[in-house]
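One-letter residues, chain by chain:
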Amino acid sequence: MKNYVLIAAIATLLACSNANGSNGNTNQSAQAEAVPAKADLGFLAKLGVDVSNIHTLGDPNDTLEYSDFKTLTVDQVLALVPMAVRTVDREHLEDWLEDCYDIVSARALPGGFTMLLFSVQTGDDSSNEMLGIYDKEGNLTDLMQVGDTEGFIVEECDEAFTQGTAQVTHIKFRFDKPNELTIDQTDEEGSWKDDGERVLRELVTVNWLVQTMRRYSIDDQGHLKLIEEKEVKREGKVAPEKDPQNEKNIIWNLSMLPMNDPDRVDRLNAKANEFIQKHGRAAFEEDNGAFVMAVEEYYNSNPEALLMWIYNHRNDDNVIAGMFKDLFVGLCRDKSLLVQDIEQLPDKTAKQYFKDLTSQWNPEQ
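Residues numbered from 1 in each chain as written. Predicted model: local features only at pLDDT ≥ 70, side-chain atom pairs only at ≥ 80, totals over all residues. Heavy atoms only, no water.

An account of the nonpolar core is needed here, citing residue identities and associated values.
Ranked by internal contacts, the top residues of the largest apolar core, which has 55 residues, are Met115, Leu181 and Phe324. Among all residues touching Leu181, those that are not within four sequence positions of it are Met115, Leu131, Met144, Phe173, Arg174, Phe175, Arg214, Arg215, Tyr216 and Leu224. With 29 residues, the next largest nonpolar core counts Val35, Leu80, Ile103 and Met259 among its residues. (Core = buried A, V, L, I, M, F, W, Y, C linked by side-chain atoms within 4.5 Å. Buried < 20%, exposed > 50% of the residue type's maximum accessible area, 1.4 Å probe, protein only. Contact = heavy atoms within 4.5 Å.)

Now the structure itself:
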C-alpha cells in the first residue's frame, strides 16, 4: 500500500509538471511544433533573391542540385554577409564578389530565426561553405565557416585522368533538436575513377577513414555555441600529415568557431602558446600560417570583439596582437578598414591605444 501511494504521488507530480509545461520532453515537442517546416524567407525576397525551390538544410531526403543554388549579386552578398567586404581587395570588390556567393539551403529555427547555408566559390571547381543565422528582419546574428562540404583533392592520377587516388571530405548537417545543430564529417582516402562521363567523387576503394562530430546549441539570440566535439570512428592507417585530427588541422578548425563565440580568441591564444612551448618560438614564427588565418577570420567576422580582446589583454602573455599586426605589415591588408574599425570602438581609451599601436603599421617594402 505504501508503494502504491508513493507511485500515485509521483504520477500526480508528473501530471502537474506536464500540465505546467515544466517537463523537458513536452517543452521540446511544443518547441518543435512552433518551428515551421519551411523557413520564412521574406527578408531574402525583399533583397530580390529568388526564394522558389530553396532546399531545406539538414533534410536527409533532399537531393541538392547546383542548378537550384541561388547565386547572389554583390549588393545581396553585402546585405547578407556584410563582413565579405573585408575579405577582398576593395578596388576589385565587384570582380571578387560577383557570382561568387550562392545560397544552398535554409532552415527555420526556434524564435523566428532562419539559418542559411552559403557556398563561396574559391576557384578550381571548389568552394567553402558557411552558415549564417538571421532574425525575422534579416539581421545577421551569427556566422560560422564549415569548410568544403564535398572536398575532393586528387593525390595521384594517370596521364588520361581516368583514375587515381584522392582525399575526400563529406560534411552533413543534422537537427536532432530544433535548437541543436550537429555537423557530421567524414574524411577518407582511396581510389577514384572516371565512369566515362565524370569523375566519381565517391571512392571506389577506401584506404582509411576518419569520422568526427561537432554539436552546437542555438540560443534565443540566434547565437551558435560549440558544446561537443569528438571523433566517432577511425578505420585504416592514416599518415600523420594527412590525419584530420593532427595538430595543424586542429588549429585550422579554430578558425571555424562561430562569430559570436566569446571564448574563441582565448582558445586560439592558448593553443598558440601551447604550440610555442612544444616547438619553440622560432618554429612558431616560421610556421604559424594556420594561426594567422584564424586571426584574420576573427577580424573579418567580428572586428570589435578581436580589437577589444587585444586591448583587454595588452599586458598579458598573448601572441594574438603580433599575428594581427602581421595582417597589415607582412600580408599587406588594407589598413583603411582598420582605421574605421578603431574609430568605431565605443571605449575612448581603447581607441587611443590602437591609434598609437597601429600608427607605424605599414606594409613591408
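On we go from here.
Can you lay out empty space enclosed by the protein for me, pointing to particular residues and giving the numbers?
Per the counting criterion, the structure on display carries one cavity of 30 Å³ or more. Roughly 30 Å³ of internal volume is contained in the largest cavity. Every residue along the wall of the largest cavity is listed here: Leu143, Met144, Gln145, Leu257, Met259, Arg264, Glu297 and Ser301. The leading source of residues in the lining of the largest cavity is strand β6 (residues 140-147), at three residues. Taken together, the residues of the lining of the largest cavity sort by class into four nonpolar, two polar and two charged. (1 Å grid on protein atoms, 1.4 Å probe; cavity = no way out; pocket = protein on both sides within 12 Å on 5 of 7 lines; lining within 4 Å. Points joined across faces, edges and corners; volume = space filled by probe spheres on them. Helix = DSSP H or I, 4+ residues; strand = E, 2+ residues; numbered from the N terminus. Nonpolar A, V, L, I, M, F, W, Y, C, P; charged D, E, K, R; others polar.)

I'd love a proper account of the pattern of salt bridges, names of residues and values included.
Enumeration according to the criterion identifies 18 salt bridges in this entry. For the salt bridge of Glu155 with Lys242, the shortest nitrogen-to-oxygen distance reads 3.5 Å. Of the two residues, Glu155 sits in strand β7 (residues 150-157) while Lys242 sits in the loop between β11 (224-235) and α6 (247-254), which places them 87 residues apart along the sequence. Note on Lys242: relative accessible area 26%, which makes it partly exposed. Between Glu180 and Arg215 there is a salt bridge, with the nearest N and O atoms lying 3.1 Å from each other. Taken together, the residues Glu180 in strand β9 (residues 180-193) and Arg215 in strand β10 (residues 205-218) connect sequence positions 35 residues apart. Overlapping salt bridges, with partners in common, bring together Glu180, Arg215, Glu228 and Lys230 in one network. (Salt bridge = Lys/Arg side-chain N within 4 Å of Asp/Glu carboxyl O.)

Just give me the short version of the side chain of Lys271, but keep the residues and values in it.
Along the chain, Lys271 falls in helix α7 (residues 264-279). Residue classification places Lys271 among the buried positions, given a relative accessible area of 17%. Discounting residues that sit within four places of it in the chain, Lys271 has contacts with Ile250, Ile251, Leu254 and Phe291.

Limitation: the analysis is restricted to geometry and does not speak to function.
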